[in-house]
Amino acid sequence: MKVESKLKLIQKQIQEACHKVNRDVNDVKIIAVTKYVSIERAKEAVEAGIIHLGENRDNGFLEKWEALGDKPVWHFIGTLQSRKVKNIIHKVDYVHSLDRLSLAKEMNKRANRKINCFVQVNVSGEESKQGMEPSEVKKFILKLKEFENIKVVGLMTMAPLTDNEPVIRSCFRKLKLLQTELQKLNLDYAPCHELSMGMSNDFSIAIEEGATMIRVGTALVGEDD
Ligand SMILES: *Cc1c(COP(=O)(O)O)cnc(C)c1O
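As the structure is a prediction and not an experimental result, all values here were calculated from the model.

(A) Here's a closer look at the UniProt feature "domain: Alanine racemase N-terminal" (unreviewed entry) in the protein. Feature annotation in UniProt assigns "domain: Alanine racemase N-terminal" (unreviewed entry) to the following positions: residues 14–223. Here residues 14–223 runs as 37% helix and 18% strand, with 21 Å between its end C-alpha atoms.

(B) Seen up close, unusual backbone geometry. The phi dihedral of N22 is positive, around 60°, even though this residue is not glycine. Tracing the sequence through the fold places N22 in the loop between α1 (3–20) and β1 (29–33). Judged by relative accessible area, which is 75%, N22 ranks as exposed. Even without being a glycine, C192 presents a positive backbone phi close to 50°. Along the polypeptide, C192 turns up in the loop between α7 (165–183) and β7 (194–196).

(C) Molecular detail of the pattern of salt bridges. Here the structure, examined in full by the defined rule, presents 12 salt bridges. The shortest N-O distance in the salt bridge between D99 and R100 comes to 2.8 Å. When its relative accessible area of 26% is taken as the criterion, R100 is described as partly exposed. R169 is paired through a salt bridge with E209; the nearest N and O atoms lie 2.8 Å apart. Of this pair, R169 sits in helix α7 while E209 is found in the loop between α8 (203–208) and β8 (213–216), placing the two residues 40 residues apart along the sequence.

(D) Spotlight on the site of the ligand. Looking at the ligand, the residues that line it are V33, K35, Y36, I77, M156, M158, M199, S200, R215, V216, G217 and T218. Separating an oxygen atom of the ligand from a side-chain N or O atom of K35 is a distance of 2.6 Å. Note that an oxygen atom of the ligand is positioned 2.5 Å from one of the side-chain N or O atoms of T218. Surface burial for the ligand is 92%, taken as the share of its 380 Å² of free accessible area covered by protein chains. Class assignment for the residues of the shell around the ligand results in seven nonpolar, three polar and two charged.

(E) Broad picture of the pairing of β1. Counted residue by residue, β1 has four buried out of five residues, so it is predominantly covered. Bridging between β1 and β8 involves four bridges; their strand directions are parallel. Paired with A32 across the strands is V216, a residue of β8. With three bridges joining them, β1 and strand β2 (residues 52–55) adopt parallel strand pairing. When the sheet's bridge partners are listed, V33 is paired in β2 with G54.

(F) View of the UniProt feature "modified residue: N6-(pyridoxal phosphate)lysine" (unreviewed entry) in the protein. Residues given the UniProt feature "modified residue: N6-(pyridoxal phosphate)lysine" (unreviewed entry) here are K35. Mapped onto the elements, K35 comes out in the loop between β1 and α2 (39–47). Overall, K35 belongs to the partly exposed group, its relative accessible area being 33%. If sequence neighbours within four positions are ignored, K35 has contacts with G54, E55 and N56.

Conventions used here
Residues numbered from 1 in each chain as written. Predicted model: local features only at pLDDT ≥ 70, side-chain atom pairs only at ≥ 80, totals over all residues. Heavy atoms only, no water. UniProt positions renumbered as here; feature names shortened; annotations may be inferred. Helix = DSSP H or I, 4+ residues; strand = E, 2+ residues; numbered from the N terminus. Buried < 20%, exposed > 50% of the residue type's maximum accessible area, 1.4 Å probe, protein only. Salt bridge = Lys/Arg side-chain N within 4 Å of Asp/Glu carboxyl O. Near = heavy atom within 4 Å. Polar contact = N/O pair within 3.5 Å; in protein donor to acceptor, adjacent residues only side chain to side chain. Areas by Shrake-Rupley, 256 points an atom, 1.4 Å probe, with all protein chains shown as cover. Nonpolar A, V, L, I, M, F, W, Y, C, P; charged D, E, K, R; others polar. Pairing = 2+ DSSP bridges. Contact = heavy atoms within 4.5 Å.

Next up, the structure:
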């Protein structure tokens, strides 16, 4: 199926989810995650009207960036090794995986402008998941004050891989609660107004629970049907 048709379906689901909880559809941005697909398919997404693109590895990111240029808004959504920071830092608009001080330090050193970051939180507590423990996030954000090139725009999480809707919902709800608490601190370097949560299988739930950016790969650009 063409990206354009898939996008229409997703937009409809976004509308339904927003309607359910009285949210404005304009408050939810779609990031097309192109990590599994070709440059051609990523271009098709941009031509279909997609503005935000996400990649989770530095080589994939660079490959797509070289081909598509800096017109899209570029999101780095995967684990970021400190030694890879220099490869992407001048090309990226948002980093969704800030999860440790050493990474903040390296990004701050390499960047020549403020980088929009999400602190990645491991809400579900699964050992396999990246991100920091919810109880550590506030302390961490307070420490970021000294890094002039780091701006914390919000929090990011991945829900557990399960069909159990209440489990997924509770994960997103906890992130929203934490985000609300942090936003109340009113820090200019950490406005924390955004919530990056929801993927192909769970973005409707994420939107109902307050997601402002959803990261959709398979359902939007997947080529396998
Ligand atoms: C791959 C990936 C996605 C998108 O996954 P889909 O299930 O294909 O929508 C979203 N977020 C992160 C962090 C990812 O690595």
